[in-house]
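# Reading the structure
Spelled out from the first residue to the last, the chains are:
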2 protein chains.
Amino acid sequence: MTATAPRRQPTLDEVAARAGVSRSAASRVINQAPHVSHATREAVEKAVKEMGYRPNRTARALATRQTGIVALVISHDDPGLFADPFFAQVIVGVSAVLEETDLHLALCLASSERGRARLTGLLHARGVDGIMLMALDGDDPLTGIAEETGLPTVHGGRPLDSEPKWFVDSDNLGGARLATEHLLGLGRTRIVTITGPMTARVGASRLRGYQEALIMAGLSPYGTVEADFTEAGGAAAMTTLLARRPDLDAVFAASDKIAAGAIRVLNEAGRAVPEDVAVVGFDDLDVAERTDPPLTTVHQPIQALGREMTRMLLALIAGREPTALILPTRLVRRGSA
Amino acid sequence: MTATAPRRQPTLDEVAARAGVSRSAASRVINQAPHVSHATREAVEKAVKEMGYRPNRTARALATRQTGIVALVISHDDPGLFADPFFAQVIVGVSAVLEETDLHLALCLASSERGRARLTGLLHARGVDGIMLMALDGDDPLTGIAEETGLPTVHGGRPLDSEPKWFVDSDNLGGARLATEHLLGLGRTRIVTITGPMTARVGASRLRGYQEALIMAGLSPYGTVEADFTEAGGAAAMTTLLARRPDLDAVFAASDKIAAGAIRVLNEAGRAVPEDVAVVGFDDLDVAERTDPPLTTVHQPIQALGREMTRMLLALIAGREPTALILPTRLVRRGSA
DNA sequence: CCACCGGCTGGAAGCGCTTCCAGGAAGGTT
DNA sequence: AACCTTCCTGGAAGCGCTTCCAGCCGGTGG
């Protein structure tokens, strides 16, 4: 422990005094504002360096009405859901962009009512400059809360029933079509699907892509069962489908986890994957490489989603008018189809 | 769009005016401070409700010198590392505790030098009230940076060479011992280990636990190879060990991912798990349930780690003196040992 | 030589809140 | 009745920064 420890952070006044100029002059130097003579600049910069001055974030925020913080709000009922690697990827993308700026990230997981109220407080109390919202359920109250604040807001994914002005979404429909077309290209005709929850847009879109591809090919859906986006859900749904359509020859699973569950059930039922039944998943998470056989799936650019959301928010904050974005998905071929 | 939109948030002055009291009286009501008459309280509360008043966070922060934000700092070189489900679990734990308070979470992923500078700015500029630091590498510069700020700081895990005053850590040593003892209990005697990087305490502790258990049993380490905490690393290390000690009969892997890689290699080499070679992992992440056979592993209470770190930080901020914590680990038996 | 212009400057007024303090109004004690 | 508590009150001084503005300066063009 050196003796320098307990010293308070110097203030702008102190810096100005030391540099022998007024506080406003010092402020101008700090903020790279014009109308500063060379001599003044030098003096202030010297003082800043010597005193180890750092502008106090809070004071600046109060004066400028800008906090320098953006919120990433992840709304969900199940607190455990956040453990899904999907969000980690989003955050990596978000951070990568923020790292280039002076903004910081507030991460808000609002599940309980209590949490939601707390969040509302943060947003309304002008605690952040902008909001990135990932509202998973169709009718999430957070959508409205965010809107009320009047703060720049961008959505990751879209609500079920509305189209926000600013959003970034993956091309779920196109991806599902891609997957289904791939199965069709393999000569499969009895293609079933295990969908995600229909209460979320992502579930509905992926189902729709599947349906469209079949219709375009002159076929019709051979079996559809809804599941949640879990392995267990996928397994249960697969069991149902197998009972209902014993002769199915392909399945499009709306997520990798669902696919993993489905493959397990297929293996246990003695159906060879991909020979008897071809399987395609969606997301391209780590789990896709660990199924047996490895999963052919639709890759969704999750980090890019985070990055683009952040860029869009920055644009909004800067007063520009960005345009909503749909990110392309692509098929990744592995062993299961 | 209703016509009410562009209205500015009301200020405390306006509320006070409407309630017919002074600003200080209004402030007292808002903050539940004593010395407020019943009448005053009622009047202010009525005005607050009618005007939809929310105290401005920034202004309050400036006056109280408390931001209401705590930072979770995750230091790492590889930006992708954050995708590890470990951190998601920590965050879930942290959030769960914060949800009960009025604090918010700033998530700081500092990888690049640029990012580190930006973070230093946030911390020194009094942008947060406290720091939770997960410094993964032994000599992380962030440890020093955090210390300089003088802010309450708690560590998740411990640096390689120092013992911070306040930390929460898993009982890595005890867990490793547990795992090794389990293998010994199975009658295995030619037990090798695949360690994590020795630049991190967690790697060193788990190795030490393995060694201690063997020594206690009158045996000595049968083979030790270092790997990073990845599946590929585990696979490579297993290959090396198999070449060096063809007759090994058990492996203690310092993480589940390492174990997954090792099991894959063992399967490919025609060694039956657990008959020929028993395998125990560490962490108990999702992947442990998806290996073949499912992985016997040491459970580490990750969410609890997040929770306890947060509680500890809250205590520090409140001026109390908490005590460092080591969280127990326990063996989860599945198929691999 | 004078009016004028442009770049710098410091003073002062905020940003919206907390908190210290002196003072006033009741209520209780000898 | 005089005094002392006790409780509540509003005024005022901050918290540390930005930004508007009036004023000063030397220099240019007429």
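Residues numbered from 1 in each chain as written. Chains lettered and ligands numbered in written order. Predicted model: local features only at pLDDT ≥ 70, side-chain atom pairs only at ≥ 80, totals over all residues. Heavy atoms only, no water.

After a rotation of 180° and a shift along the axis of 0.0 Å, chain B superposes on chain A with an RMSD of 0.1 Å. Expressed as an axis order, the relation between the two copies is that of a two-fold axis. Taking C-alpha positions as reference, the residue of chain B nearest the rotation axis is Ala106(B), located at 2.2 Å. A high fraction, 100%, of the interface residues of chain B reappear at the interface in chain A, so the copies pair face to face through one surface. (Least-squares fit on C-alpha atoms with pLDDT ≥ 70 in both. Contact = heavy atoms within 4.5 Å.)

All names here are of chain B. Where helix α2 (residues 23-30) contacts helix α3 (residues 38-51), the axes come no closer than 9 Å and their chain directions differ by 85°. One element, α2, and the other, α3, form an angle in the roughly perpendicular class. Here α2 contributes Ala25, Ala26, Val29 and Ile30 to the contact with α3, which in turn contributes Thr40, Arg41, Val44, Glu45 and Val48. Taken together, the residues of the contact of α2 with α3 sort by class into 6 nonpolar, 1 polar and 2 charged. (Axes fitted to C-alpha atoms, helices over the stretch in contact; angles between N-to-C directions. Helix = DSSP H or I, 4+ residues; strand = E, 2+ residues; numbered from the N terminus. Parallel < 35°, antiparallel > 145°, perpendicular 65-115°, else oblique. Nonpolar A, V, L, I, M, F, W, Y, C, P; charged D, E, K, R; others polar.)

All right, on to the nonpolar core then. By size, the foremost hydrophobic cluster in this structure holds 68 residues, and its most contacted members are Phe82(A), Leu107(A), Phe82(B) and Leu107(B). Counting 34 residues, the second largest nonpolar core, distinct from the first, contains Ala71(A), Ala135(A), Ile69(B) and Ala71(B). (Core = buried A, V, L, I, M, F, W, Y, C linked by side-chain atoms within 4.5 Å. Buried < 20%, exposed > 50% of the residue type's maximum accessible area, 1.4 Å probe, protein only.)

As a matter of local geometry, DNA strand C sits amid 27 residues, with Arg28(A), Thr40(A), Leu12(B), Arg23(B) and Tyr53(B) nearest to it. Each atom of DNA strand C within 4 Å of the protein belongs either to a base or to sugar and phosphate, the latter forming 59%. Take Ser24(A): an N or O atom from its side chain is 3.1 Å from a base nitrogen of DNA strand C. Between DNA strand C and the protein, one listed contact pairs a phosphate oxygen with a backbone N or O atom of Leu12(B) at 2.3 Å. (Near = heavy atom within 4 Å. Polar contact = N/O pair within 3.5 Å; in protein donor to acceptor, adjacent residues only side chain to side chain.)

Now for the confidence of the model for chain A. Residue-level pLDDT values for chain A average 92, and 98% of them are 70 or greater. Below pLDDT 50 for its whole length, residues 1-6 of chain A participates in 0 contacts with residues either more than four positions away or in separate chains. (pLDDT = per-residue confidence, 0-100.)

A few words now on the UniProt feature "domain: HTH lacI-type" (unreviewed entry) in chain A. Those places that UniProt annotates as "domain: HTH lacI-type" (unreviewed entry) correspond, in this numbering, to residues 10-64 of chain A. When the span residues 10-64 of chain A is considered, its composition is 69% helix and 0% strand, and the gap between its end C-alpha atoms is 20 Å. (UniProt positions renumbered as here; feature names shortened; annotations may be inferred.)

Residues and elements named next belong to chain A. Across the sheet, 6 strands lie side by side as β7-β6-β8-β9-β10-β12; this open sheet has mixed pairing. Each of the sheet's edge strands pairs with one partner strand only, and the pair in question is β7 (224-226) and β12 (330-332). Across the sheet, the mean angle from the axis of one strand to that of its neighbour is 20°, orientation sign disregarded. Strand direction decides the pairing type here: strand β8 (residues 250-253) and strand β9 (residues 278-283), joined by 3 bridges, are parallel. Across the sheet, Val251 pairs through a bridge with Val279, a residue of β9. Packed on one face of the sheet, helix α8 (residues 172-185) meets β6 (191-195), β8, β9, β10 (296-299) and β12 and runs near 165° to β9. Of the strands in this sheet, β6, β8, β9 and β10 touch helix α11 (residues 256-268), which is tilted by about 155° from β9. (Pairing = 2+ DSSP bridges.)

Taken together, the contacts link 45 residues of chain B with 45 residues of chain A. Taken together, both faces of the contact between chain B and chain A bury some 4,200 Å²; the carbon and sulfur share is 57%. Ranking the residues of chain B by area buried against chain A places Glu99(B), Arg118(B) and Arg290(B) at the top, with a combined share of 18%. Our enumeration of links across chain B and chain A arrives at 2 salt bridges. Residue Arg290(A) is joined to Glu231(B) by a salt bridge in which the shortest nitrogen-to-oxygen separation is 2.9 Å. (Buried area = accessible area lost by both parts, 1.4 Å probe. Salt bridge = Lys/Arg side-chain N within 4 Å of Asp/Glu carboxyl O.)

So, about the protein's contact with DNA strand D. Neighbouring DNA strand D are 27 residues, the closest being Leu12(A), Arg23(A), Tyr53(A), Arg28(B) and Thr40(B). For DNA strand D, the backbone makes up 61% of the atoms found within 4 Å of the protein, where backbone means sugar plus phosphate. Note that a phosphate oxygen of DNA strand D is positioned 2.9 Å from one of the side-chain N or O atoms of Asn31(A). In the environment of DNA strand D, a phosphate oxygen lies 3.2 Å from a nitrogen or oxygen atom belonging to the side chain of Arg65(B). At the level of elements, α2 (23-30) and α4 (57-64) of chain A together with α2 and α4 (57-64) of chain B are the ones that each hand at least two residues to the surface near DNA strand D. The residue makeup of the surface near DNA strand D, split by class, is 10 nonpolar, 11 polar and 6 charged.

A word on the sheet that holds strand β9 (residues 278-283) of chain B. Residues and elements named next belong to chain B. Spatially, the 6 strands line up as an open sheet ordered β7-β6-β8-β9-β10-β12, and their pairing is mixed. Each of the sheet's edge strands pairs with one partner strand only, and the pair in question is β7 (224-226) and β12 (330-332). For this sheet the average axis-to-axis angle between neighbouring strands, irrespective of direction, equals 20°. Strands in contact with helix α8 (residues 172-185) are β6 (191-195), β8 (250-253), β9, β10 (296-299) and β12; relative to β9, the strand with the most contacts, it is inclined by about 165°. Relative to β9, helix α11 (residues 256-268) is tilted by about 155°, and along the sheet it contacts β6, β8, β9 and β10.

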